[in-house]
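Overview (structure and organization)
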Amino acid sequence: MSVYTDIPYVTPPADYQFHLGTFLADAYERYGPVFRSTYFEQDVLYMIGPEANRFVLVSNRQKFSNDKGWSSIFSVSDMFGRGLLTMDGTEHSQSRKMMNPAFTVNYMNHYLPLMNRVIRDYTGYWAEVGEIDIYEEARKITFEIAAQAFAGLRSETEIAQFRELFLRILMTPRVVEPDEDFETFTREQAVKLRQLQGELHTLLLPKIEERRKNPTNDLFGLLVQARDDQGNAMPDEQLTAHANILLVAGHETSTSFISWLLYLLVQHPDYLERVLAEQDALLLPDSEPTLEDIKRMKVLDNALKETERLYPPIPNGPRGLVEDIEFNGYHIPAGTLVFYAIAASHMIGSIFPQPTQFDPDRFAAPREEDKKSPYALVGFGGGPRMCIGLNFAQIEMKALLSHLLRRYRFDLVPGQEIAQFYAATGRPLNGIRFQVSKRA
Ligand code: HEM
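Procedures and definitions
- Counting restarts for each chain: residues are numbered from 1 in the order of the written sequence.
- Where totals are concerned, whole chains, interfaces and linings use all residues; where local detail is concerned, this predicted model gives features only for residues with pLDDT of at least 70, and gives and counts side-chain atom pairs only at 80 or more.
- Here the side-chain values reflect all heavy atoms present in the structure, with hydrogen atoms and water set aside.
- Numbering of helices and strands runs from the N terminus, with a helix taken as a DSSP run of H or I at least four residues long and a strand as a DSSP run of E at least two residues long.
- The quantity called the radius of gyration is restricted to C-alpha atoms. Its globule counterpart is 2.2 Å times the number of residues to the power 0.38.
- Burial classes follow relative accessibility: with a 1.4 Å probe on protein chains only, a residue under 20% of its type's maximum area counts as buried, one over 50% as exposed, and anything between as partly exposed.
- Pairs of residues are marked as contacts when any of their non-hydrogen atoms sit within 4.5 Å.
- In this description, accessible areas are obtained by the Shrake-Rupley approach with a 1.4 Å probe, and a residue is regarded as covered only by the protein chains that are shown.
- We treat Lys and Arg as the positive residues and Asp and Glu as the negative residues; His and chain ends play no part in the count.
- Where a charge sits is defined by one atom per residue type, namely NZ (Lys), CZ (Arg), CG (Asp) or CD (Glu).
- Each metal's donors comprise the N, O and S atoms found within 2.8 Å of it (within 3.2 Å for Na, K or Ca). Water is not part of the atom list, so some coordination spheres may appear incomplete.
- Each patch is built from residues that are more than 30% exposed by relative accessible area and take part in no salt bridge. Like charges join if they lie within 9 Å; nonpolar side chains (Val, Leu, Ile, Met, Phe, Trp, Tyr) join within 5 Å.
- Within this document, salt bridges are pairs made up of a side-chain nitrogen of Lys or Arg and a carboxyl oxygen of Asp or Glu, the two lying within 4 Å of each other.
- Only rings of Phe, Tyr and Trp enter the pairing, Trp through its six-membered ring, and a pair is recorded when the two centres are within 6.5 Å. The plane angle decides the type: under 30 degrees is stacked, over 60 is edge-to-face, the rest tilted.
- Should the NZ of a Lys or the CZ of an Arg lie within 6 Å of a ring centre and within 35 degrees of the ring normal, that charge is described as sitting over the ring.

We now examine the overall build of the protein. Tallying secondary structure elements over the protein gives 18 helices and 14 strands in all. Expected size for 440 residues packed as a compact globule is a radius of gyration near 22 Å; at 22 Å, the protein falls within 12% of this value. Referenced to the eigenvectors of the C-alpha coordinate spread, the extents of the protein come out at roughly 65 × 55 × 40 Å. Every one of the 440 residues in the protein was classed for burial, and the buried ones make up 55%. Considering only intrachain contacts with a sequence separation of at least 6, the fraction spanning at least 24 residues in the protein is 72%. In the structure as shown, the protein presents an accessible area of about 18,900 Å², 52% of it carried by carbon and sulfur atoms. Between the mean site of the 45 positive side-chain charges and the mean site of the 58 negative ones, the protein shows a separation of 5 Å.

If you check the protein contacts of the iron atom of the ligand, you find one donor only, Cys-387 (SG), at 2.3 Å. Summarising the element assignment, Cys-387 is placed in the loop between helix 17 (369-372) and helix 18 (390-407).

Moving on: a nonpolar patch on the surface. On the surface, Leu-167, Leu-170 and Met-171 cluster together into a nonpolar patch covering about 300 Å² of accessible area. The exposure class of Leu-170 is partly exposed, given its relative accessible area of 36%.

Let us look at the packing of aromatic side chains. Under the definition given, this model contains 27 aromatic pairs. Members of the aromatic cluster, each reached through a chain of ring pairs, are Tyr-16, Phe-23, Tyr-31, Phe-35, Tyr-39, Phe-40, Tyr-46 and Phe-339. We note Arg-36 situated over the ring of Tyr-4; from NZ or CZ to the ring centre the distance is 5.7 Å.

It is worth stressing that arrangement in space is one thing and function is another; only the former is reported here.
What follows is the structure, encoded as structure tokens:
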């Protein structure tokens, strides 16, 4: 058994945040499924490929802490409190059990009318505007849907206030403190953050009170009524932290995903034709998709999977190791910061041939490349901690694309520099601009 320091160290190129997946997949070909590197000036251990993903997400998952991953490198708990993404152990499994019923496919019938309404309100005028940045526009839509669905906010003023507070929290810069070797918040910033969190909490408290008096069956209502195995309700702080984390995890990721999905379809007109044929067969031009329609959109489904593979909004799943492990002949000590590498796993040529090519049919029978290698496609994570918002996100994205593609024609505005940039999440760095006209 080799020791930790024997694990190869791979120096990232200066522009690695622009081609994280291919850079790491090349290193995987040279060094195998485990190597050390640096991300955001912090030492990390990459674990790559289906076996590594299964090891982290399923077979040895108790030895990996989400909180020591997400909160140590990206300060998620400092910014938004402890929600599902950053909990561990029993605290996590109890909360997840309480929330699961609000995220099943069939429960999506509760959210679909809201999604359709927000989509229609925000996109109805696009042909008149003529040019849009899909990243900017999709963010407005996903934020509004998430604020209404997860935090019960209704009025424009409340949602605007909420968005403003969120942005101020997300924009609080982290620095490298003299006594630390990684980025963190200064004491002053920590005080400011607590104040902003207090304001978020104050905004949500009346929503909690309303739901205590008059139970509702939206997600926030279900959380307010939920009881753990001992019959205890969640404290207010816990309820707001959950709502905040759902909003953070839920809108940024979908915004980036929608932008790349539209971009890829417009760049591949032959496949777009097939998506349009499917839409026209299922729906009239002005009708709104039902859950049953959405479940039947198989051609669009495969385009979603290919977008997940090529542009996963979360490039790595960070974990703090809480027990020593042995992996691939190495002894890895507790305390190591591990990334299970999502974007890189998707670029392994022996699993996904010609991995940089857009080819949604790789997911159709008989090829089904993802099914032949379980845990190779992990854009939504995997195992018991797989993204709880998977159904919500997929239905929201398919409803939006269905709405847009049946009504509009999209052409890329020429001369733009289009690039994916990865930090904690990925996004098209300069947005993606389209000319929009009514579909003939
Ligand atoms: C395209 C959209 C989305 C993508 C690509 C995505 C991706 C992911 C990934 C990769 C994970 C696992 C992270 C890890 O293992 O460390 C995750 C977890 C999570 N996601 Fe999503 N997500 C999306 C949408 C959403 C939505 C809409 C919600 C809102 C409900 C959401 C809420 C969460 C939560 C709460 C977790 C933590 C689950 C747990 O640990 O039990 N996500 N997501």
